[in-house]
Amino acid sequence: MTIENLSVNKSFGGWHKQYSHYSNTLNCNMRFAIYLPPQASNGQKVPVVYWLSGLTCSDENFMQKAGAQRIAAELGVAIVAPDTSPRGDDVADDDGYDLGKGAGFYVNANQAPWSKHYQMYDYIVQELPDLIESTFPVSDKRAIAGHSMGGHGALTIAMRNPQRYMSVSAFSPISNPVNCPWGQKAFTAYLGKDKELWRQHDASELMRKATQFVPAKVDQGESDDFLSEQLKPEMLEAAAKVSGYPLELNLHEGYDHSYYFISSFIEQHLQFHASYLNQ
Ligand SMILES: N[C@@H](CCC(=O)N[C@@H](CS)C(=O)NCC(=O)O)C(=O)O
C-alpha cells in the first residue's frame with residue numbers, strides 16, 4: 001500500500017506528520033495525522049494512542065488544539081488521529097452536521113447509500129493499525145481515546161476488542177447512543193432498524209455486559225451543553241456498577257464540550273495510557 005506524505009512539522013523534539021492513503025476498507029482516499037515522539041527517532045518502537053475525534057472534525061482538530069505533543073514526547077508515545085468519516089465527492093452525505101461526512105460514528109454501515117464507504121469500525125480496528133504498524137517505528141501496544149462521537153468510538157471499539165487495546169479513555173463520550181438523538185439518527189441511517197445491532201455499538205450496553213476489562217478513564221465537563229440530552233455519562237457509571245467494570249469517571253465543574261476542556265486534562269489521559277503501554 002502506498003501512502004503520501006502531506007506535511008511535516010517538528011514538535012517537542014518529535015515529528016507531526018500528515019498522510020494520505022487509499023483505504024480498501026472505505027473505498028476512498030483518507031487522511032490521517034501521526035505524532036512521533038523523539039524516542040521513535042532513536043531506533044525505539046513506541047506504543048500508540050489512537051485518538052478518535054468528534055462530530056465535524058478531521059485529523060487536524062486534536063493535533064492543533066489539544067496540546068498533546070509535549071506530554072506525548074515526554075512519555076514516548078505516538079498519537080494517531082484518523083479522520084471521522086470517509087471523504088470524497090462520491091461519498092454519501094447529509095445536510096446535518098451529525099450524519100454523513102464528519103460523522104461516521106465508527107460503525108460499519110449496512111444500509112444504502114452509506115454502506116459503500118462508511119465502514120469506519122473496520123478501518124479503525126484493522127486497516128489503519130496495520131498500516132501504521134507496518135510503516136512507522138511503532139509497536140503493537142495500542143491504546144484508544146476520543147471525544148464525544150469519538151469517545152463513543154473509543155469505548156465501544158476497546159470493549160469489543162479487549163485483546164487489541166491496553167487502555168481506553170474518553171472525553172465527553174456519547175455514552176448511550178441508543179437512547180440519545182445523535183445516536184438514534186446515526187444508527188438508524190447506518191445500521192437500520194435492528195436494535196440488537198445498535199446495542200452492540202453502545203458503550204453502556206457493552207460495559208454492563210463486559211466480562212473482559214480494558215481499563216477505562218472518562219472525563220466530563222458539567223457545563224457541557226450536550227450533557228443531559230446527548231452524552232449521559234450516568235448510564236455508563238450505572239453499567240460499570242453492574243459488571244464491576246474498572247471505570248474511572250470524573251466530572252469537572254464549569255468545563256464545556258470544547259477543546260479548552262480536552263487540553264486541560266489531556267496530560268492526565270496520556271499518563272493514564274502510558275501507565276499501561278509502558279509496562
Ligand atoms: N456545534 C457544533 C457541534 C459539533 C461539535 O461540538 N463538535 C465537537 C465534537 S462533538 C468538536 O470537537 N468540534 C470541533 C472543534 O471544536 O475543533 C457544530 O455545529 O460544529
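An account of the accompanying structure is given in this report.

Conventions adopted
Residues numbered from 1 in each chain as written. Predicted model: local features only at pLDDT ≥ 70, side-chain atom pairs only at ≥ 80, totals over all residues. Heavy atoms only, no water. Helix = DSSP H or I, 4+ residues; strand = E, 2+ residues; numbered from the N terminus. Rg over C-alpha atoms; globule rule 2.2 N^0.38 Å. Buried < 20%, exposed > 50% of the residue type's maximum accessible area, 1.4 Å probe, protein only. Contact = heavy atoms within 4.5 Å. Areas by Shrake-Rupley, 256 points an atom, 1.4 Å probe, with all protein chains shown as cover. Lys, Arg positive; Asp, Glu negative; His and termini not counted. Charge placed at Lys NZ, Arg CZ, Asp CG, Glu CD. Core = buried A, V, L, I, M, F, W, Y, C linked by side-chain atoms within 4.5 Å. Pairing = 2+ DSSP bridges. Axes fitted to C-alpha atoms, helices over the stretch in contact; angles between N-to-C directions. Near = heavy atom within 4 Å. Polar contact = N/O pair within 3.5 Å; in protein donor to acceptor, adjacent residues only side chain to side chain. Nonpolar A, V, L, I, M, F, W, Y, C, P; charged D, E, K, R; others polar.

A few points about the overall build of the protein chain
A tally of helices and strands in the protein chain yields 10 helices and nine strands. In terms of C-alpha radius of gyration, the protein chain reaches 17 Å, essentially the compact-globule figure of 19 Å for 279 residues. Based on the C-alpha atoms only, the size of the protein chain along its principal axes is roughly 50 × 40 × 35 Å. The buried share of the protein chain, taken over its 279 residues, is 60%. For the protein chain, the proportion of contacts with a sequence separation of at least 24, taken over those separated by at least 6, is 72%. Put simply, the protein chain shows about 11100 Å² of open surface, and 46% of that area lies on carbon and sulfur atoms. Positive and negative side-chain charges of the protein chain, numbering 22 and 31 respectively, have mean locations separated by a distance of 5 Å.

Some remarks on the environment of lysine 185
In this structure, lysine 185 sits in helix H5 (residues 181-191). Note on lysine 185: relative accessible area 34%, which makes it partly exposed. Spatially, the C-alpha atom of lysine 185 lies 35 Å from that of glutamine 271, the residues being 86 residues apart in sequence. Once residues within four sequence positions are removed from consideration, lysine 185 is found in contact with Asp94, Gly96, Asp98 and Leu99.

What to know about the nonpolar core
Among the nonpolar cores identified, the biggest contains 70 residues, and Ile144 and Tyr190 are the most heavily contacted of them. Ranked by residues supplied to this core, first place goes to helix H3 (residues 120-135) with eight residues. In contact with tyrosine 190, not counting residues within four places along its chain, are Leu99, Gly100, Ala103, Gly104, Phe105, Val107, Asn108, Ala109, Asn110, Gln111, Trp114 and Tyr118. Listed in part, the 24 residues of the second largest apolar core include Val77, Ala145, Tyr259 and Ile262.

So, the sheet that holds strand E6 (residues 138-147)
In space, the nine strands of this open sheet follow the order E1-E2-E3-E5-E4-E6-E7-E8-E9, with mixed pairing throughout. Each edge of the sheet is formed by a strand with only one pairing partner; in this case those strands are strand E1 (3-11) and strand E9 (247-252). Sheet twist, expressed as the mean angle between neighbouring strand axes with direction ignored, is 20°. For E1 and strand E2 (residues 14-23), the ladder comprises eight bridges, and the chain directions are antiparallel. Along E2, the bridge assignment pairs lysine 10 with tryptophan 15.

Overview of unusual backbone geometry
Cis geometry is found at the peptide bond from alanine 112 to proline 113, where omega equals 0°. Along the chain, proline 113 falls in the loop between strand E5 (78-82) and H3. Although it is not a glycine, phenylalanine 12 adopts a positive phi angle of roughly 50°. Residue position: phenylalanine 12 is located in the loop between E1 and E2. The residue threonine 56 is not glycine, and still its phi comes out positive at about 80°. The residue threonine 56 is located in the loop between strand E4 (46-52) and helix H1 (60-65) in this model. Here threonine 56 falls in the exposed class, since its relative accessible area comes to 53%.

Focus: the site of the ligand
The local shell around the ligand consists of Gly54, Leu55, Thr56, Cys57, Asn61, Lys65, Tyr97, His147, Ser148, Phe226, His257 and Tyr259. For the ligand, an oxygen atom lies 2.7 Å from a polar atom in the side chain of lysine 65. Considering the ligand on its own, with 490 Å² of exposed area, one finds that the protein chains cover 69% of that surface. Residues that form the shell around the ligand fall into these classes: five nonpolar, six polar and one charged.

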